Amino acid sequence: MIIFSFLLAFTFHTVEIDGDLSHFDTDELVYKDASSDSYWQGNELYGLFVTWDAGALYLGLSYRVQNNAALIVLDADRGRGVNDINNLDWYPRNFQFYGMNADVLCALWNADLSTGGVREILAKDRTQPLRGVEIINNGVSGDSSALMVKIPFSVLYGNSGIVKPYDTIKLVALITGSDHAMGADAIPDNENIGSSSAIRTHIEIVLDKDGDSIPDDSVSVINRTKVVTYPEKPLYLENFEISNKIVNENTPLSIRFSVTDYSFAKVYIYSEQGKKVYEWHFESLEPDVEKTILWRPSESLPQGIYYVLIDINDIIRSKKAFFIKR
Ligand SMILES: [Ca+2]
Ligand SMILES: [Ca+2]
Ligand SMILES: [Ca+2]
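Residues numbered from 1 in each chain as written. Chains lettered and ligands numbered in written order. Predicted model: local features only at pLDDT ≥ 70, side-chain atom pairs only at ≥ 80, totals over all residues. Heavy atoms only, no water.

## Examining the domain arrangement of the protein chain
With domains assigned, the protein chain is organised as domain 1 (2–229) and domain 2 (237–323). Domain 1 and domain 2 are separated by 40 Å when their C-alpha centres are compared. Taken together, the contacts link eight residues of domain 1 with five residues of domain 2. Note on domain 1 versus domain 2: buried area summed over both sides is about 440 Å², and carbon and sulfur give 42% of it. Viewed at the interface, domain 2 and domain 1 are joined by two salt bridges. Measuring nitrogen to oxygen at the nearest pair gives 3.9 Å for the salt bridge that ties Lys124 to Glu283. In this assembly, domain 1 and domain 2 are joined by zero residue pairs in polar contact (both at pLDDT 80 or more). A per-class count over the side of domain 1 that touches domain 2 returns three nonpolar, three polar and two charged. (Domains from an automatic or database assignment. Contact = heavy atoms within 4.5 Å. Buried area = accessible area lost by both parts, 1.4 Å probe. Salt bridge = Lys/Arg side-chain N within 4 Å of Asp/Glu carboxyl O. Polar contact = N/O pair within 3.5 Å; in protein donor to acceptor, adjacent residues only side chain to side chain. Nonpolar A, V, L, I, M, F, W, Y, C, P; charged D, E, K, R; others polar.)

## Points about the sheet that holds strand β23 (residues 315–323)
The strands that make up a sheet are held in pairs by hydrogen bonds between backbone atoms, and each pair lies either parallel or antiparallel. Overall, mixed pairing links the five strands, which are arranged β17-β23-β22-β19-β20 in an open sheet. Edge positions in the sheet fall to β17 (246–247) and β20 (276–285), since each has one partner strand and no second. Across two bridges, the pairing between β17 and β23 is parallel. Directly across from Val247, in β23, lies its bridge partner Phe323. (Pairing = 2+ DSSP bridges. Helix = DSSP H or I, 4+ residues; strand = E, 2+ residues; numbered from the N terminus.)

## Some details on the side chain of Asp216
Tracing the backbone shows Asp216 in the loop between β14 (201–206) and β15 (225–229). Looking at Asp216, the relative accessible area reads 7%, which means it is buried. In contact with Asp216, not counting residues within four places along its chain, are Phe12, Trp52, Leu207, Asp208, Lys209, Asp210 and Arg224. (Buried < 20%, exposed > 50% of the residue type's maximum accessible area, 1.4 Å probe, protein only.)

## A short note on the coordination of the calcium ion (ligand 2)
Bound to the calcium ion (ligand 2) are the protein donor atoms Asp33 (OD), Asp33 (OD), Asp37 (OD), Asp185 (OD), Ala186 (O) and Asp189 (OD), situated 2.3 to 2.5 Å from the metal. Its six donor atoms give the calcium ion (ligand 2) angles of 52 to 168° at the centre, a pattern that matches the irregular case. Here the donor residues of the calcium ion (ligand 2) are spaced in sequence according to D-x3-D-x147-D-A-x2-D. The metal-metal distance between the calcium ion (ligand 2) and the calcium ion (ligand 1) is 3.9 Å, with Asp33 coordinating both. Overall, Ala186 belongs to the buried group, its relative accessible area being 1%. (Donors = N, O, S within 2.8 Å, 3.2 Å for Na, K, Ca; no water. Tetrahedral: all angles 85-135°; square planar, octahedral: opposite > 155°, others 65-115°.)

## A short note on the coordination of the calcium ion (ligand 3)
The protein atoms that coordinate the calcium ion (ligand 3) are Asp208 (OD), Asp210 (OD), Asp212 (OD), Ile214 (O) and Asp216 (OD), at distances of 2.1 to 2.3 Å. Summarised as a motif, the one-chain spacing of the donors to the calcium ion (ligand 3) is D-x1-D-x1-D-x1-I-x1-D. Residue classification places Asp210 among the partly exposed residues on the basis of a relative accessible area of 49%. Judged by its relative accessible area of 39%, Asp212 is partly exposed.

## Quick word on the sheet that holds strand β21 (residues 291–295)
Strand order across the open sheet formed by three strands is β16-β18-β21, with antiparallel pairing between neighbours. If you trace the sheet from one side to the other, it starts and ends with β16 (237–242) and β21, each paired once. Ignoring strand direction, the axes of neighbouring strands in this sheet form an average angle of 15°. Bridge count between β16 and strand β18 (residues 253–259): four bridges; the pairing is antiparallel. Its bridge partner being in β18, Leu237 is matched across the sheet by Val259. (Axes fitted to C-alpha atoms, helices over the stretch in contact; angles between N-to-C directions.)

## Quick word on the pairing of strand β12 (residues 183–187)
β12 sits mainly inside the fold: five of its five residues count as buried. Of the strand pairs in this sheet, strand β11 (residues 168–176) and β12 are connected by four bridges, and their pairing is antiparallel. Opposite Ile175, over in β12, you have Asp185 as the bridge partner. Taking the residues between adjacent antiparallel strands as the criterion, β11 and β12 are bridged by six residues, where His180 takes a positive phi near 65°.

## Quick word on the nonpolar core
A general feature of soluble globular proteins is that nonpolar side chains tend to end up buried together. In this structure, Leu57, Leu61 and Leu171 are the most contacted members of the largest nonpolar core, which totals 38 residues. Ranked by size, the runner-up nonpolar core spans 24 residues in total, among them Leu237, Phe240, Val267 and Leu285. (Core = buried A, V, L, I, M, F, W, Y, C linked by side-chain atoms within 4.5 Å.)

## Focus: the environment of Asp84
Tracing the chain through its elements places Asp84 in the loop between β4 (69–75) and β5 (96–97). Measuring from C-alpha to C-alpha, the distance between Asp84 and Phe95 comes to 5.9 Å, with 11 residues separating the pair along the chain. In this structure, Asp84 is in contact with Phe95, Gln96 and Lys124, ignoring residues within four places of it in sequence. Polar side-chain contacts of Asp84 include one of 2.9 Å to the backbone nitrogen of Asn86. Side chain to side chain, Asp84 and Gln96 meet in a polar contact 3.3 Å long.

## A few points about the confidence of the model for the protein chain
Mean pLDDT over the protein chain stands at 93; residues scoring 70 or higher make up 97%. Between residues 5–9, whose pLDDT stays under 50, and residues either more than four places distant or in other chains, the model counts one contact. (pLDDT = per-residue confidence, 0-100.)

This is how it looks when you write it as structure tokens:
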């Protein structure tokens, strides 16, 4: 018995993708969801399973839908992904994620995989099928169903399958309606899921705790799992700086700033006479990530005083610079 558990303790868990969620161990049920917390009757999430072996990540979702969609949204910590999935070219749904970026979307409609699958999210409006994955659904519309997905690390992270040191994946599962609809149930629970498109609570699982870029062996997945809520923060403009007061053709102006929560931003250059001479629009800035832009005045502009003006959700700040031709 001692030898047996010793062996077990040093074995990755490989899960057969055949629609049977009982292949997952009990400590791989990373979230057991209430069986009646959905806003839409007959549509329910029950639980999410996660595990991995040396070569692949395994996901399992226990759910039930009736003329609705079930999604698993994954942030694989690759420095990619999008905050908002409402304008995707595949399963666009009105969700904005806080504290995670969606880079992989597993989706199916009405418990039927014929219009579902697994896609990588390349941009806010662009997805592409993730090749090399296995996905199976066991169940029918209106009945308890099981979705199982195997994503090789080589597909997620590139050929070597090497993850980022201390790699932490983030996950959310959702029941949602048709295009651009919001949701009815979430794993993990999200406040006001029936009426809010903001997903502020997600699951985080540490794949590589020892930092050697290899997903760790012999772990209790549930002990690696945290439910994290990204708080709603007041939106502020922070660290708004310009590099120099005097600008010319050879010394452009570097404009830096950051925002405290997800926001659009507009940056303008105005002349002293109030004429707009340049502008930048940012659709979605991430919180606490410094943005730097460069303004190089064109030859045709008269020299004089110019204002750099930043507008984030009607919070407006400005700084003054002088354009002096050389
Ligand atoms: Ca539920
Ligand atoms: Ca729930
Ligand atoms: Ca490791």
